[in-house]
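The chain contents come next:
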Amino acid sequence: MFKAILEIEEYRYLSENEKNSYKVRISTSFSELGIYEIVKEARETNTLNQIKSFIIEIISALTYMDRNRKNEYISMIGRSINKSIVEQIFEDAKKEDEQLKEIQEAKKTAIAQ
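## With respect to the nonpolar core
- By size, the foremost hydrophobic cluster in this structure holds 12 residues: Leu48, Ile55, Ile59, Leu62, Met65, Tyr73, Ile74, Ile77, Val86, Ile89, Phe90 and Ala93.
- Contributions of two or more residues to this core are made by helix H3 (32-60), helix H4 (67-79) and helix H5 (83-112).
- Per-element accounting of this core gives the leading share, 4 residues, to H5.
- Not counting chain neighbours up to four residues away, the residues in contact with Ile77 comprise Lys52, Ile55, Ile56, Ile59, Val86 and Ile89.
- In terms of nonpolar packing, the next biggest core, distinct from the first, is built from 10 residues, Ala4, Leu14, Tyr22 and Ala42 among them.

Put into structure tokens, the structure is as follows:
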């Protein structure tokens, strides 16, 4: 049990509330299998949070999308509970930014003519 709690403490992408919740669940678990499943869930949550963090950084740096729209995408990512949804939101954000780039370039071309 102690080793499992130490492992939870090492996860950088879990909030203190998440860590505390997992530690309570571990300390009240009655079996090794139960502890294993809790640690596995914590590991998966940590990985998902890490992916979210990375994608949020990328979305924040998109060039053509305004801040409000970026915040909408970031909010959707924050509420997402699995990797495939996060990846789809990211793909949608990249696609929208690319479309905005094309629109801006078309405007520049139209003005130049």
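## Here we look at helix H2 (residues 16-27)
- Helix length check: H2, at 12 residues, gives a terminal C-alpha distance of 16 Å against a target of 16 Å (1.5 Å per residue), a fit within 8%.
- Residues Lys19, Tyr22, Lys23 and Ile26 constitute the buried set of H2. In an axial view of H2, the angular spread of the buried residues amounts to 100°, which keeps them on one side of the axis. Opposite the buried face of H2, at more than 90 degrees from it, the exposed residues are Asn17 and Val24.
- In this structure, the buried residues of H2 make contact with helix H1 (2-10) and H3.

## Comments concerning the side chain of Ser29
- For Ser29, the position within the fold is in the loop between H2 and H3.
- Beyond its immediate chain neighbours, meaning those up to four positions away, Ser29 contacts Gly34, Ile35 and Ile38.

## Digging into the packing of H1 against H2
- Between H1 and H2, the shortest axis-to-axis distance is 10 Å and the interhelical angle comes to 170°. Between H1 and H2, the angle is such that the two are roughly antiparallel. Contact residues: H1 offers Ala4, Ile5, Ile8 and Glu9, while H2 offers Lys19, Tyr22, Lys23 and Ile26.

## Some remarks on the pattern of salt bridges
- In total, this model carries 8 salt bridges according to the counting rule given.
- A salt bridge links Glu41 to Arg25, with the shortest nitrogen-to-oxygen separation between them at 3.0 Å. Pair noted here: Glu41 is in helix H3 and Arg25 is in helix H2, with a separation of 16 residues, a long-range link.
- The partly exposed category is assigned to Arg25, whose relative accessible area is 32%.
- The residue Glu91 makes a salt bridge to Lys94 at a minimum N-O spacing of 3.2 Å. Taken together, the residues span about one helical turn, with Glu91 and Lys94 both in helix H5 at a distance of 3 residues.
- Lys94 gets classed as partly exposed once you look at its relative accessible area, which sits at 35%.
- Residues joined by salt bridges that share partners form a network here, namely Arg69, Glu72 and Glu96.

Rules used throughout
- Residues numbered from 1 in each chain as written.
- Predicted model: local features only at pLDDT ≥ 70, side-chain atom pairs only at ≥ 80, totals over all residues.
- Heavy atoms only, no water.
- Core = buried A, V, L, I, M, F, W, Y, C linked by side-chain atoms within 4.5 Å.
- Buried < 20%, exposed > 50% of the residue type's maximum accessible area, 1.4 Å probe, protein only.
- Helix = DSSP H or I, 4+ residues; strand = E, 2+ residues; numbered from the N terminus.
- Contact = heavy atoms within 4.5 Å.
- Expected span 1.5 Å × (residues − 1).
- Arc of directions from axis to C-beta.
- Axes fitted to C-alpha atoms, helices over the stretch in contact; angles between N-to-C directions.
- Parallel < 35°, antiparallel > 145°, perpendicular 65-115°, else oblique.
- Salt bridge = Lys/Arg side-chain N within 4 Å of Asp/Glu carboxyl O.

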